[in-house]
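Architecture at a glance
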Amino acid sequence: MTITLKKQFKRFPKLIVFDLDYTLWPEWIDCTYGPPYKYNEETNSVFDKQKELKLFEHTTRIISFIKSLPDTQIAIASRTHAPEWARKLLGLLRIPELDNITLLEAIDYMEIYPSSKIKHFKALSEKSGIPCHEMLFFDDEQRNREVAKLGVHFVLVDSRTGITPTQFENALDAFEKNAGPHDLLLQAEKKLNSWTWFNSKNKHEDAAEMYEKAGNTFKLAQRCRKEAGEAYLKAAKLYETTPEFRFECSKAFENASKCLKRMDAKAAIDALNKAITVDKEACNFRNAAKHHQEIAEIYETEIIDLKGARENWQEAAKLYMADDSRPMINKCLLKVAHFDAQLEEYNLAIEHFEQVATDSIDNPLTKWSNKEYYLKAGLCSLCTNDTVKTHELLTRYCAMDASFETTREFQFLSGILECVENNDHELFTQKVREFDSLTKLDNWKINILLKVRKTLDSNK
């Protein structure tokens, strides 16, 4: 017999998700003796070597009721370290109200592996196509309330009783009343304005989570990006008041930036700069560097400010140096060098390309890229119309890397240098065409070669 609800509901969750241990059954499955299991049909329980394993009293009745709902599916999200044991148990325990089918047969989606519940729910949403704000989650651990940040409706289960029919109906009622992000914003304001005997930090934390949940819900709806950004900013400012929530604060500023950058690039940059300040205070230099990269990309693609982009790539490189991340330092310096050249600061570009090449020369994985860095530095030198210096660079690069002289890049640079010295337009075009037929020229090189060609025109 399934459960009977006292109230008629017009709206149900599209996915109801359960934890396993101390939610569906009163055990930690990874603390049992494990298979082989023996099923007892009379008691609908399973025996391992030492003890009987059975479901909580109301588990099968609740699942039976859910299966009667036409548009609601069932999922499992468990971080157990014994996923195979859990699956075996689900495949043995039965639901008498549904003609004795197994729990496994009643479940539509499963994410059972050691990880955060955030990862579980992102995977469930991707696989089911159901947004997180349409999910209801029952779990016995308070820490898993973190999924509320995704928009999931979280219900804490009493580990002594499991889910009761009353708690289940109350959860459905709360889900139906929570109409959407606008209600969450009102609830957050109400929470902030409420008076409490206790520490106001808890009030700020609860309100911040509501703002964050509202932002997630706005974003998942794929509209109202401005409203989502504003909600994240409000969450970030509340997290900012408590030092132990620095990570949450930085993440909220980052989320705000992602929502705002298409409609207000400067506001997005401002949010990321605040995230950088928070990250630096927490000595999270890698995260701060990542935010500088994001600012650089906004300057490059949204605002079209090459100097702003270069400055932020430089700042990112400095922070990666503090984190001692050589590959990321070099990635940033290469971006700086490209912008140096675009801004016609060729000597700076040469310096940065050479810095990366010097760092890569003894690394067996990256040294093969040096011919590319020498090529770019050589092209920058040709833009200065100083052929003597370019000859010196080529000689020095061959001394630094003996294999460079045998490469197509060296031959190409030498040929272009000869064209510049002889002011030979026709041969210049031929050399470029030949190199491009073997190694496709990217947009950056094409632009630099056009500038080299201008030096030929100025030498007429």
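This structure is a prediction, so every number in the text was calculated from the model and none was measured.

Definitions and limits used
- Residues numbered from 1 in each chain as written.
- Predicted model: local features only at pLDDT ≥ 70, side-chain atom pairs only at ≥ 80, totals over all residues.
- Heavy atoms only, no water.
- Helix = DSSP H or I, 4+ residues; strand = E, 2+ residues; numbered from the N terminus.
- Rg over C-alpha atoms; globule rule 2.2 N^0.38 Å.
- Buried < 20%, exposed > 50% of the residue type's maximum accessible area, 1.4 Å probe, protein only.
- Contact = heavy atoms within 4.5 Å.
- Areas by Shrake-Rupley, 256 points an atom, 1.4 Å probe, with all protein chains shown as cover.
- Lys, Arg positive; Asp, Glu negative; His and termini not counted.
- Charge placed at Lys NZ, Arg CZ, Asp CG, Glu CD.
- Pairing = 2+ DSSP bridges.
- Axes fitted to C-alpha atoms, helices over the stretch in contact; angles between N-to-C directions.
- Salt bridge = Lys/Arg side-chain N within 4 Å of Asp/Glu carboxyl O.
- 1 Å grid on protein atoms, 1.4 Å probe; cavity = no way out; pocket = protein on both sides within 12 Å on 5 of 7 lines; lining within 4 Å.
- Points joined across faces, edges and corners; volume = space filled by probe spheres on them.
- Nonpolar A, V, L, I, M, F, W, Y, C, P; charged D, E, K, R; others polar.
- Phe/Tyr/Trp six-rings, centres within 6.5 Å; stacked < 30°, edge-to-face > 60°.
- pLDDT = per-residue confidence, 0-100.

What follows deals with the overall build of the protein. Summing up its helical and strand segments, the protein has 19 helices and ten strands in all. Scaling as 2.2 N^0.38, a compact globule of 460 residues should have a C-alpha radius of gyration of about 23 Å, whereas the protein reaches 31 Å, well beyond that. Principal axes of the C-alpha set define a box for the protein whose edges measure 95 × 55 × 40 Å. The burial tally for the protein puts 49% of its 460 residues in the buried class. A separation of at least 24 residues holds for 63% of the contacts in the protein among residues at least 6 apart in sequence. Element-wise, carbon and sulfur atoms account for 50% of the exposed surface of the protein, whose accessible area totals about 23100 Å². Of the charged side chains in the protein, 65 are positive and 72 negative; the average position of the first set lies 3 Å away from that of the second.

Taken in spatial order, the three strands of this open sheet run β2-β3-β4, and their pairing is antiparallel. Across the chains shown, the open sheet's two edge strands, defined by having one partner strand only, are β2 (38–40) and β4 (52–54). Averaged over all pairs of adjacent strands, the angle between strand axes in this sheet comes to 30 degrees, irrespective of strand direction. Here strand β3 (residues 45–47) runs beside β4; their pairing, made up of three bridges, is antiparallel. Bridging from a neighbouring strand, Ser45 pairs with Lys54 of β4.

Bringing the pattern of salt bridges into the picture now. Here the structure, examined in full by the defined rule, presents 30 salt bridges. Between Glu27 and Lys51 there is a salt bridge; the shortest N-O distance is 3.1 Å. Here Glu27, found in the loop between β1 (15–18) and β2, pairs with Lys51, found in the loop between β3 and β4; they are 24 residues apart in sequence, far enough to count as distant. Judged by its relative accessible area of 34%, Lys51 is partly exposed. A salt bridge links Glu254 to Lys290; the shortest N-O distance between them is 3.5 Å. Highlighted residues: Glu254 in helix α9 (residues 246–260) and Lys290 in helix α11 (residues 285–303), separated in sequence by 36 residues. When its relative accessible area of 29% is taken as the criterion, Lys290 is described as partly exposed.

Its boundaries defined by the atoms lining it, the largest pocket holds a volume of some 510 Å³. Around the largest pocket, the lining is made up of 19 residues, and of these Ile118, Lys122, Leu150, Lys251 and Asn255 lie nearest the centre. Those elements that place two or more of their residues in the lining of the largest pocket are α4 (117–128), α7 (200–220), α9 and α11. Of the residues that constitute the lining of the largest pocket, the class distribution is five nonpolar, five polar and nine charged.

Our next topic: the packing of aromatic side chains. Note on aromatic pairs: each is described by the distance of the centres and the angle between the planes. Scanning the entire structure with this criterion turns up 14 aromatic pairs. Ring geometry for Phe65 versus Phe168: centroids 6.0 Å apart, planes at 85 degrees, classification edge-to-face. Taken together, the residues Phe65 in helix α1 (residues 59–67) and Phe168 in helix α5 (residues 165–177) connect sequence positions 103 residues apart. Classification of Phe168 by relative accessible area gives buried; the value is 0%. Seen from their ring centres, Phe121 and Phe137 are 4.8 Å apart, and the 65 degrees between their planes marks the pair as edge-to-face. Note that Phe121 is positioned in helix α4 and Phe137 in strand β9 (residues 135–139), a separation of 16 residues in sequence. For the pair Phe121 and Phe137, a shared accessibility class is recorded, and that class is buried. Joined through ring pairs, the aromatic side chains of Phe18, Phe65, Phe138 and Phe168 make up one cluster.

Right, let's talk about the side chain of Asn44 for a bit. By secondary structure assignment, the location of Asn44 is in the loop between β2 and β3. Residue contacts for Asn44: discarding those within four places in its chain leaves Tyr39, Lys54, Leu55, Thr60, Leu93, Arg94 and Pro96.

Moving on, we come to the confidence of the model for the protein. In low-pLDDT segments, the atomic positions of the prediction should not be examined closely. For the protein, the average pLDDT comes to 91, and 96% of its residues sit at 70 or higher. Mean pLDDT across the secondary structure elements of the protein bottoms out at helix α6 (residues 181–193), with 82, and peaks at β1, with 97.

It is worth spelling out the pairing of β1 at this point. Burial of the side chains of β1 extends over both faces: Leu15 and Val17 are buried on one face and Ile16 and Phe18 on the other. Sheet analysis places β1 next to strand β5 (residues 73–78), joined by four bridges and oriented parallel. Counterpart to Phe18 in the pairing with β5 is Ile76. Pairing geometry for β1 and β9, over four bridges, is parallel. For Ile16, the partnering residue across the bridge sits in β9 and is Leu136.

Strand order across the open sheet formed by five strands is β8-β5-β1-β9-β10, with parallel pairing between neighbours. What marks the edges here is a single partner per strand, and that holds for β8 (109–112) and β10 (153–156). Across the sheet, the mean angle separating the axes of adjacent strands is 20 degrees when strand polarity is ignored. Relative to β8, β5 runs parallel, the two being bridged by four bridges. Looking across to β8, one finds that Ser78 is bridged to Ile112. Each of β1, β5, β8 and β9 touches α4; the most contacted strand, β8, lies at about 155 degrees to it. Against the sheet, α5 engages β1, β9 and β10, with an angle of about 145 degrees to β9.

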